[in-house]
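Here's the letter readout for the chains.
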Amino acid sequence: MSETVLITGASGLLGRALVDRFAAADFQVLAHCHRHPGKDNDHVQWLAGDFSASKGIGDFLRKNEKTLRQCRYLINNYGPITLRPTIAVQGKDLLADFQQQVVPAVDITHFLITRAPLQMVLTIGFEFSGEIHAYQKILGYAMAKNALLLLTRSWAAAYPRVCFNLFSLPSLEKAKVLPKQAQTVPAELVADRIFHILSRRRSGFHYRYANPPAASKK
Ligand SMILES: NC(=O)c1ccc[n+]([C@@H]2O[C@H](COP(=O)([O-])OP(=O)(O)OC[C@H]3O[C@@H](n4cnc5c(N)ncnc54)[C@H](OP(=O)(O)O)[C@@H]3O)[C@@H](O)[C@H]2O)c1
């Protein structure tokens, strides 16, 4: 019997690569989107939901409860970047970043732990997960992404029957927002890495993304 994975933000840049990778491995993919669903097929079912407020997340979970009860894998991928000069950041901006990054991951993970045979969770961090920096434009985003790191470690201790992973993602090729001189990686390569991490069925913190060593020349 094939396994079921829920991928949030599945209609985005990394999301679509993840959908293709897991579908190619015979998974049943529940692909969350907001406004841009793909086409359903034998392996992929698109589920729409607005995660900009808690009510929308609750509506998504209630509406799809029967389908979501099959999930053994969850990829918390939704988490849009926000840009704001640090000097202009107010409390409401931090709340908005936590609403986008943390609240969907918490509510969906909790829902699946209590109602589905959940075994594996992977949450997408960002390039500097776990590092201390002085951020000029992404302070709220960085704070919320690092909260996901603390959540992942705490969940792993609280729910020993589930494996929790945090993946520290570098900038993607074709990303709409790229830091100056960013080193980018293709979304397909990242999706393949994530697939193999989840196949290991262990908890882990994948802080440093390094390209695989080049094949040695003969
Ligand atoms: N891109 C990068 O270089 C980069 C670098 C580091 C970390 N990351 C992280 O990697 C993850 C994926 O990033 P990405 O660049 O692939 O994302 P993306 O292309 O910007 O995708 C955005 C996704 O969010 C969905 N969405 C938008 N508004 C929504 C709403 N109100 N409610 C629910 N869903 C909504 C979109 O759905 P529709 O299109 O259907 O509306 C789409 O699926 C994120 O966690 C991001 O923080 C990205």
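The following paragraphs examine the structure supplied in this document. (Residues numbered from 1 in each chain as written. Predicted model: local features only at pLDDT ≥ 70, side-chain atom pairs only at ≥ 80, totals over all residues. Heavy atoms only, no water.)

## Comments concerning the site of the ligand
Heads up, the condition is: One heavy atom suffices: a residue is near a molecule or strand as soon as one of its heavy atoms comes within 4 Å of it. N or O atoms closer than or at 3.5 Å make up a polar contact, with two conditions inside protein: a donor-capable atom paired with an acceptor-capable one, and, for residues adjacent in sequence, both atoms drawn from side chains. In this description, accessible areas are obtained by the Shrake-Rupley approach with a 1.4 Å probe, and a residue is regarded as covered only by the protein chains that are shown. Residue polarity is assigned by list, with Asp, Glu, Lys and Arg as charged and Ala, Val, Leu, Ile, Met, Phe, Trp, Tyr, Cys and Pro as nonpolar; anything else, Gly included, falls into the polar class.
Surrounding the ligand, one finds 28 residues, the nearest of these being Ser11, His36, Asn77, Gly79 and Tyr141. A distance of 2.9 Å separates an oxygen atom of the ligand from a polar backbone atom of Arg35. Contacts to the ligand include Lys145, whose side-chain N or O atom sits 2.8 Å from an oxygen atom. Contact with the protein chains removes 82% of the 920 Å² of surface that the ligand exposes when unbound. The residue inventory of the shell around the ligand, partitioned by class, reads 12 nonpolar, 12 polar and 4 charged.

## Here's the deal with the pattern of salt bridges
Oppositely charged side chains can pair when the atoms bearing their charge come close. Just so we agree on the cut-off: We define a salt bridge as a contact between a side-chain nitrogen of Lys or Arg and a carboxyl oxygen of Asp or Glu at a distance within 4 Å. Each helix corresponds to a stretch of at least 4 residues labelled H or I by DSSP, and each strand to a stretch of at least 2 residues labelled E; elements are numbered beginning at the N terminus.
According to the stated counting rule, one finds 9 salt bridges in the structure shown. Among the ionic pairs, Arg201 bridges to Glu3, the shortest N-O distance being 2.9 Å. Of this pair, Arg201 sits in the loop between helix 7 (187-199) and strand 7 (204-206) while Glu3 sits in the segment before strand 1 (4-7), and the two are 198 residues apart along the sequence. Salt bridges sharing common partners tie together Glu3, Arg72 and Arg201.

So, to be careful, I would describe these as geometric facts and stop short of saying anything about function.
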